[in-house]
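Fold and contact review
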Amino acid sequence: MNIPDKNTLFPLENYKRLCFLKNIIKNPNIVVGDYTYYDDFEDVANFEKNVKYLFDFVGDKLIIGKFCMIASNVTFIMNGANHLSNSISAYPFAIFGKDWQHAMEEKNYPTKGNTVIGNDVWIGYNATIMPGVTIGDGAIIASNATVTKDVLPYSIVGGNPAKLIRKRFSDKEIANLLALKWWNWPIEQITANVHHLTGENLEELN
């Protein structure tokens, strides 16, 4: 079997603007699954630049599953961007120290936890994913969408804020796909089924 090597940085010969993403990630708070790719119009190194406000002291992570497709200019806003919103002022006095250093004693900036992207998720050009969002397996995020809340598996969302456009399959089919978890199959089994995975008949998968 001639299977693409998941450890290859640039899987397309003579094309350096698409990479298997896990092979370029340096930040330990970004976790990426096998065969997820990133395509950038300029430089694949832009990916980590587009993960904004990911600070070690906040402790959140960006977790991306297997076989995802991430387009150029996709931006992930992490929890380090959050300010107080229920207080009189949202201004971050404490970060400037001096006589303001104790402004946040017994207080915490809001956090929504990890940002989690499922498996087989397609995120279109220039989409923005906000902190703490979970995007379910098989979802599609339209170009220029701003995702402010969780996206159900196998849903297509778009707009600002992103809203459901439609589900990709019936509820029964979605349940079957979530139980199948094809992305966890041995790569040889996936390879044997690629013709079916690009088809529309779930019953042909084996």
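All figures in this text were calculated on a predicted structure; none of them were measured in a lab.

Before going further, it helps to spend a moment on the overall build of the chain. Tallying secondary structure elements over the chain gives four helices and 15 strands in all. Considered along the principal axes of its C-alpha atoms, the chain spans approximately 65 × 40 × 25 Å. Contacts in the chain between residues far apart in sequence, at least 24 positions, make up 45% of those at least 6 positions apart. With an accessible surface of roughly 12200 Å², the chain has 52% of that area assigned to carbon and sulfur atoms.

Turning our eyes to something else, we now look at the sheet that holds strand E11 (residues 134-135). Judged by pairing direction, the sheet is parallel, and its four strands sit side by side in the order E2-E5-E8-E11 without closing on themselves. Of all strands in the sheet, those bounded by a partner on one side alone are strand E2 (30-32) and E11. Pairing of strand E5 (residues 62-64) with strand E8 (residues 115-117), which is carried by three bridges, proceeds in the parallel orientation. Considered in E8, the bridge of leucine 62 is made with threonine 115.

Trans is the prevailing form of peptide bonds, just as negative phi is the prevailing case for residues other than glycine. With an omega dihedral of 0°, the bond running from asparagine 160 to proline 161 counts as a cis peptide bond. Inspection of the secondary structure assignment puts proline 161 in the loop between strand E14 (155-158) and strand E15 (163-167). Of note, the phi angle at tyrosine 53 is positive, near 60°, even though the residue is not glycine. Structurally, tyrosine 53 can be placed in the loop between strand E4 (51-52) and E5. We note that lysine 98 has phi near 55°; this positive angle belongs to a residue other than glycine. Among the secondary structure elements, lysine 98 is positioned in the loop between strand E7 (75-77) and E8.

Let us look at the pairing of E14. Here E14 shows two buried faces, one formed by Ser155 and Val157 and the other by Ile156 and Gly158. In the sheet, strand E12 (residues 140-141) pairs with E14 via two bridges, with the strands oriented parallel. Within E14, the position partnered with isoleucine 140 by the bridge is isoleucine 156. Here E14 pairs with E15 via four bridges, running antiparallel. The residue of E15 that forms the bridge with valine 157 is leucine 164.

What follows concerns the nonpolar core. Formed by 32 residues in total, the largest nonpolar core has its most connected members in Leu21, Phe47, Ile64, Phe76 and Ile117. Elements supplying a minimum of two residues to this core: E2 and E5. Non-local contacts of phenylalanine 76, meaning those with residues more than four positions away in its chain, are made with Phe47, Asn50, Val51, Lys52, Leu62, Ile64, Thr115, Ile117, Ile123 and Ile129.

Once that is clear, we can look at the sheet that holds strand E10 (residues 128-129). Pairing is parallel in the open sheet, where four strands are placed in the order E4-E7-E10-E13. The open sheet has two edge strands, E4 and strand E13 (146-147), and neither has a second partner. Judged from the two bridges that link them, E7 and E10 form a sheet pairing that is parallel. What sits directly across from threonine 75, in E10, is threonine 128.

So, how was this worked out
- Residue positions are given per chain, counting from 1 as you read along its sequence in written order.
- Given that the model is predicted, a residue must reach a pLDDT of at least 70 before its local features are reported, and side-chain atom pairs must reach 80 or more before they are shown or counted; all residues, however, enter totals for whole chains, interfaces and linings.
- Working from all heavy atoms in the structure, the side-chain values ignore hydrogens and water.
- Strands are runs of DSSP state E lasting at least two residues, helices are runs of H or I lasting at least four, and both sets are numbered from the N terminus onward.
- Note on contacts: a residue pair is in contact if any heavy atoms of the two residues lie within 4.5 Å.
- Each accessible area is a Shrake-Rupley result for a 1.4 Å probe, and residues are judged covered by the shown protein chains and nothing else.
- Any two strands are treated as partners once DSSP identifies two or more bridges connecting them.
- Only protein chains enter the accessibility calculation, which uses a 1.4 Å probe; a residue whose area is less than 20% of its type maximum is buried, one above 50% is exposed, and one in between is partly exposed.
- For this analysis, a nonpolar core means a set of buried residues of the types Ala, Val, Leu, Ile, Met, Phe, Trp, Tyr and Cys, connected via side-chain atoms within 4.5 Å.

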